[in-house]
Amino acid sequence: MAEITLIDDDENIVASVSLALESHGHTVKAYYDGVSGLEAVESNPPDLVILDVKMPRMDGMEVLRRLRQSTETPVIMLTSKDDEIDEILGFNLGADDYMHKPFSQRLLLERVKAVLRRARPEEEDPAAPAAAGAAGSKMMKRGKLTLDPARHDSLWDGKPVRLTVTEFLLLQSLAQRPGFVKSRDNLMDAAYDDQVYVDDRTIDSHIKRMRKKFRQVDPEFDSIETLYGVGYRYREA
């Protein structure tokens, strides 16, 4: 079970979502504006943040932007606006998933379960084959890149690069077979559960953010190649 921070100014949504999450064993701390929510997450990072876009004092996009400067805690964004721009901007800033209001509690619980499972690969279904679990958690080294799924550590030439859960899974998928092209559909399968639908631009946004992070460590980083109209591949440096 997880510690979840819920940040939303709608008291009805906070009450209903908190009840649904707590009924499934999660611990929920709720905040009704962006400033207090941001302060709480920064002082004591939870396992997951559920964050509304439109709030008083500080909107959800600004909260997400500031969170990504200090933590890679998984974030599910909520919005009452059926606006594609919000979704694209949220993914560009590093959101792990997105839901439009109104939404069913069942669907939200499935999304929470999926994001937490991606963030905790070592806690997968104990009935799953042991070999599959071991392969998924094995440390990987590809040239200057080192990935440790068990610790969620990413290093480039020995220097840490902080990645979100989704970014880590995308990079892990690419690095498993250097030189081989992964289509966007392949990458979606690697980073998202079947019940979560994302489009091509979402994958592109995550790749763009990931490249930026690596170039902050190494301005010459060019190991993630784009093959226009085909997909992406990892080139071992």
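Everything below is about the structure shown above.
Our subject in this report is the structure included herewith. (Residues numbered from 1 in each chain as written. Predicted model: local features only at pLDDT ≥ 70, side-chain atom pairs only at ≥ 80, totals over all residues. Heavy atoms only, no water.)

1. A few points about the overall build of the protein chain
Along the protein chain, the regular secondary structure elements total nine helices and twelve strands. Per-residue burial over the protein chain gives 49% buried out of 237 residues. Partitioning the contacts of the protein chain with sequence separation of at least 6, the portion at a separation of at least 24 is 61%. Only carbon and sulfur atoms are counted for the fraction: they give 49% of the accessible area of the protein chain, which is about 11800 Å². (Helix = DSSP H or I, 4+ residues; strand = E, 2+ residues; numbered from the N terminus. Buried < 20%, exposed > 50% of the residue type's maximum accessible area, 1.4 Å probe, protein only. Contact = heavy atoms within 4.5 Å. Areas by Shrake-Rupley, 256 points an atom, 1.4 Å probe, with all protein chains shown as cover.)

2. Section: the environment of Arg 117
By secondary structure assignment, the location of Arg 117 is in helix 5 (residues 105-119). As for Arg 117 and Val 165, which are separated by 48 residues in sequence, their C-alpha atoms are 9.9 Å apart.

3. Points about the pairing of strand 1 (residues 3-7)
In terms of burial, strand 1 is a largely internal element, four of the five residues being buried. Alignment of strand 1 against strand 2 (residues 27-31), held across five bridges, turns out to be parallel. Bridge pairing in strand 2 links Ile 7 to Tyr 31. Each parallel crossover has a hand, and for strand 1 linked through helix 1 (residues 11-23) to strand 2 it is right-handed. (Pairing = 2+ DSSP bridges. Right-handed = clockwise from strand over helix to strand, strands pointing away.)

4. A word on the sheet that holds strand 7 (residues 145-148)
Pairing in this open sheet of four strands is antiparallel, and the strands run 6-7-8-9 from one edge to the other. Since the sheet does not close on itself, it has two edges, and those belong to strand 6 (140-142) and strand 9 (159-160), each with one partner. Pairing geometry for strand 6 and strand 7, over three bridges, is antiparallel. Note on strand 7: the bridge partner recorded for Arg 142 is Leu 145. Packed on one face of the sheet, helix 7 (residues 165-176) meets strand 6, strand 7 and strand 8 (153-156) and runs near 120 degrees to strand 7. (Axes fitted to C-alpha atoms, helices over the stretch in contact; angles between N-to-C directions.)

5. Points about the nonpolar core
Looking at soluble globular proteins, one finds that nonpolar side chains tend to be buried together. In this structure, Leu 145, Leu 171, Met 210, Phe 214, Ile 224 and Tyr 234 are the most contacted members of the largest nonpolar core, which totals 24 residues. Going through the elements one at a time, strand 7, helix 7, helix 8 (184-191), helix 9 (200-217) and strand 12 (231-234) are the ones with two or more residues in this core. Ranked by residues supplied to this core, first place goes to helix 7 with seven residues. With sequence-adjacent residues up to four places away left out, Ile 224 is seen in contact with Leu 171, Leu 174, Ile 207, Met 210, Arg 211, Tyr 232, Arg 233 and Tyr 234. (Core = buried A, V, L, I, M, F, W, Y, C linked by side-chain atoms within 4.5 Å.)

6. Some thoughts on the pattern of salt bridges
In this structure the tally under the stated criterion is 16 salt bridges. The residue Asp 52 makes a salt bridge to Lys 101 at a minimum N-O spacing of 3.2 Å. Of this pair, Asp 52 sits in strand 3 (residues 48-52) while Lys 101 sits in the loop between strand 5 (97-100) and helix 5, and the two are 49 residues apart along the sequence. On the basis of relative accessible area, Lys 101 is assigned to the buried category, the value being 17%. Of the charged contacts in the structure, one is a salt bridge between Lys 213 and Glu 167, with a shortest N-O distance of 2.7 Å. Placement of Lys 213 in helix 9 and of Glu 167 in helix 7 is noted, with a sequence separation of 46 residues between them. A single salt-bridge network, built from bridges that share partners, covers Arg 68, Glu 72, Asp 96, Arg 162, Glu 167, Arg 209 and Lys 213. (Salt bridge = Lys/Arg side-chain N within 4 Å of Asp/Glu carboxyl O.)

Interpretation note: all reported values are geometric properties and have no functional meaning in isolation.
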